[in-house]
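These are the residues of each chain, in order.
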Amino acid sequence: MLLPFVAMAQTATDVVQPPKEFNPAGWDWAFIAACALTVLIILVIARAFDIGSLTEKVTGKKVIGWTKVNAWLAIIIIIAGAAGITYEMIYHGKLILLNDSASEHGKTIDSMFNWTFGFTFLVFCITEILLFWFMFRYRYREGEKALYYLHNNKLEVFWTIVPAIVLTFLVLRGFNTWSRITDPSKVSKDATQIEVYAYQFGWKARFAGDDNKFGESNFTFISGTNPLGLAVGAEVDSLMAELKRDISKIDILLASAADSSRVWQTALRDLEAKQNTTAYPEVYKDVLTKATDARTGAYVRNLNKDKKRKQTNLWRIAEYKKNKDFFNNAANDDKITTEIVLVKGKEYVFKFRARDVIHSAYMPEFRAQMNVVPGMATQFAFTPIKTTAEARKDKNNKDFDFHLYCNKICGAAHYNMKIKITVVATEQEYKEWLATQTTVVAPPVVETPEAPKTDSVAPATDKTVAVIHN
Ligand SMILES: [Cu+2]
């Protein structure tokens, strides 16, 4: 530890306490009285100064030396400020800036952090002290004239070279550390791969199955039962069958578009004739929209758009299906989990993928953070050096867990986007856990698309029907 630092990072997993009840008996009345007294004293002093300046006006003689007062106030402010910060550092920060890292590279990150903070803190202190001292020492005095000081080469060289050397040292060290944990060529071949998949709003993890190989994936394969879009043959077949069914349903709707338009126009006329437009505003609004869409052709246009989209999707999947390397069954045994389990001392590579918007995988205890970008492969490698059980003991908190959080404001439920990371001591524990996890399960494929009933052409709600036939 370079310098005494304030605690900053230790609140990441702290639970937010509910507000305490209104209870004046528990208040620190001595503190409140001291505050009130301070305010009172300031008011009295201000009043005294007021009287002073009034006297100045009346007598024409100088009573208060304002320059001197301000100069001394500056000194008081810097001393009081420094004392306040020191107090906070010791009593609330406990002189800790970062908790112990739970990953191997985390020690380097912490050391870099401390060096950066230490250096900037030192410069900050020196410049602040000089700033306030100059304010005090060179305040206005009668008869004294300011020195006009234009340029000094030695000073320029000094404050260019020193930061340049320090920054070079900090940046090079940072660059080295960063590339060691993010450069794919620097990760050892034996490192276990884990895919971390982000979506609004949650995370899923994928572990390679018994073959120790990740299967291919593509966003076009995503379905309700295949959230990661893995290239699992049976899954993708049933998705294709579903798409075909949807397309034939749309075809039937298109064929009977003229009939359905008539139904809605009649319904609309009925409603208007019976003056039900105000009695049932929602029904009227619904029927009006449908009748208008049918009349303007928007209904048919939307159906065609939907059909085109589904056909494109179907075509894309069919193209992928032709590639036997893509559908090589490697994805069939991949495990999809809602928790990440790691073994202490083993190296891991996290491969990140996003479904919708940019997220950011943030693992504060492991000193790791990486953007998770749709359509882009990002990764991060690290070795955990502390089990969950050890961390609980260190923190003296039996409920503590490591987590991976989203650190990019990605939408309404961003705050709730996290996945638990458990670090176990032995490979055996990990294997036992993995065995309980599930793969993508394929539902039975339905070959013949089932035709929808024709009376569903103009779907009217019970309420609508009741109103129309009133
Ligand atoms: Cu997110």
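For the structure itself, look to the data block above.
This write-up is about the structure you can find in this document. In this text the structure is predicted, and so the values were computed from the model without any measurement.

1. Some details on the sheet that holds strand 1 (residues 192-199)
Judged by pairing direction, the sheet is mixed, and its five strands sit side by side in the order 3-2-1-5-8 without closing on themselves. Single-partner strands in this sheet number two, and they are strand 3 (335-337) and strand 8 (378-382). Taking each pair of neighbouring strands and ignoring which way they run, the sheet shows an average axis angle of 25 degrees. Across three bridges, the pairing between strand 2 (residues 202-207) and strand 3 is antiparallel. For Ala205, the partnering residue across the bridge sits in strand 3 and is Thr337.

2. Overview of the packing of helix 3 (residues 106-137) against helix 4 (residues 153-182)
Relative orientation of the contacting elements helix 3 and helix 4 amounts to 165 degrees, with a least axis distance of 11 Å. By the angle class used here, helix 3 and helix 4 are roughly antiparallel. The element helix 3 and its partner helix 4 pack so that their crossing is left-handed. Residues Thr108, Ile109, Met112, Trp115, Thr116 and Phe119 of helix 3 touch helix 4, and the partners they reach there are Val166, Leu170, Arg173, Gly174 and Thr177. Looking at side-chain class alone, the contact of helix 3 with helix 4 contains six nonpolar, four polar and one charged residues.

3. Some words on the sheet that holds strand 4 (residues 339-343)
The strand order 4-10-9-6-7 describes an open sheet built from five strands, whose pairing is mixed. Looking at strand neighbours, the two that pair on one side only are strand 4 and strand 7 (368-372), the edges of this open sheet. Strand-to-strand, the axes of this sheet are offset by a mean angle of 20 degrees, without reference to chain direction. Here strand 9 (residues 402-406) runs beside strand 10 (residues 418-424); their pairing, made up of four bridges, is antiparallel. Bridge pairing in strand 10 links His403 to Lys420. Helix 10 (residues 427-435) contacts strand 4 and strand 10 of the sheet and is inclined by roughly 155 degrees relative to strand 4.

Criteria and thresholds
- Residues numbered from 1 in each chain as written.
- Predicted model: local features only at pLDDT ≥ 70, side-chain atom pairs only at ≥ 80, totals over all residues.
- Pairing = 2+ DSSP bridges.
- Helix = DSSP H or I, 4+ residues; strand = E, 2+ residues; numbered from the N terminus.
- Axes fitted to C-alpha atoms, helices over the stretch in contact; angles between N-to-C directions.
- Parallel < 35°, antiparallel > 145°, perpendicular 65-115°, else oblique.
- Left-handed = near helix turned anticlockwise from the far one by under 90°.
- Contact = placed C-beta atoms within 7 Å.
- Nonpolar A, V, L, I, M, F, W, Y, C, P; charged D, E, K, R; others polar.

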